[in-house]
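Given next are the chains, with one letter for each unit.
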Amino acid sequence: MTTAAECQNCGAELTGAYCSACGQKRDVRILSLPAFIGDVVADLHNVDSRIWRTLATLVFKPGRLTRLYIEGQRAKYTPPFRLYVVTSVTFFLVF
């Protein structure tokens, strides 16, 4: 078990909100269903959200999105699994 000053992922000493060794957030939380739905709603309503940038790139330049993800440029875009879940939930709520 790690102390409050150690990263839960790699065990490195934490000096800020993120681990300097692996980049994981200091506060790791397990999402409940209401919190997950709240995150989805917040992501969809935020105009400057990564979800809209990801969807636009996916629709107009899908190869570019894949290439950027493989090259490691992932911070600007929604992670693939989250994108899948958000689009699936949206699809089933609409239909």
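Residues numbered from 1 in each chain as written. Predicted model: local features only at pLDDT ≥ 70, side-chain atom pairs only at ≥ 80, totals over all residues. Heavy atoms only, no water.

Visitor: What should I look at first to understand the state of the cysteines in this one?
Guide: Simply put, disulfide is the name for a covalent bond between the sulfur atoms of two cysteines. Taken as a whole and assessed by the stated rule, the structure comprises zero disulfides. Cys10 supplies the cysteine sulfur nearest to Cys19, a cysteine that is in no disulfide, at a spacing of 3.6 Å. For Cys19, a relative accessible area of 5% translates into the label buried. (Disulfide = S-S within 2.5 Å. Buried < 20%, exposed > 50% of the residue type's maximum accessible area, 1.4 Å probe, protein only.)

Visitor: What should I look at first to understand the packing of aromatic side chains in this one?
Guide: Under the defined criterion, the tally for this structure stands at three aromatic pairs. For the pair Phe81 and Tyr84, a centre-to-centre distance of 6.5 Å together with 40° between the ring planes defines the contact as tilted. Of the two residues, Phe81 and Tyr84 both sit in helix 4 (residues 80-94), three residues apart, roughly one turn of that helix. Per residue, the accessibility class of Phe81 equals that of Tyr84, and both read exposed. With 5.3 Å between their ring centres and 80° between their planes, Phe91 and Phe92 make a pair best called edge-to-face. Every member of this aromatic cluster is reached through a ring pair, and the members are Phe91, Phe92 and Phe95. Lying over the aromatic face of Tyr69, Arg74 brings its terminal NZ or CZ to 4.1 Å of the ring centre. (Phe/Tyr/Trp six-rings, centres within 6.5 Å; stacked < 30°, edge-to-face > 60°. Helix = DSSP H or I, 4+ residues; strand = E, 2+ residues; numbered from the N terminus. Lys NZ or Arg CZ within 6 Å of the ring centre and 35° of its normal.)

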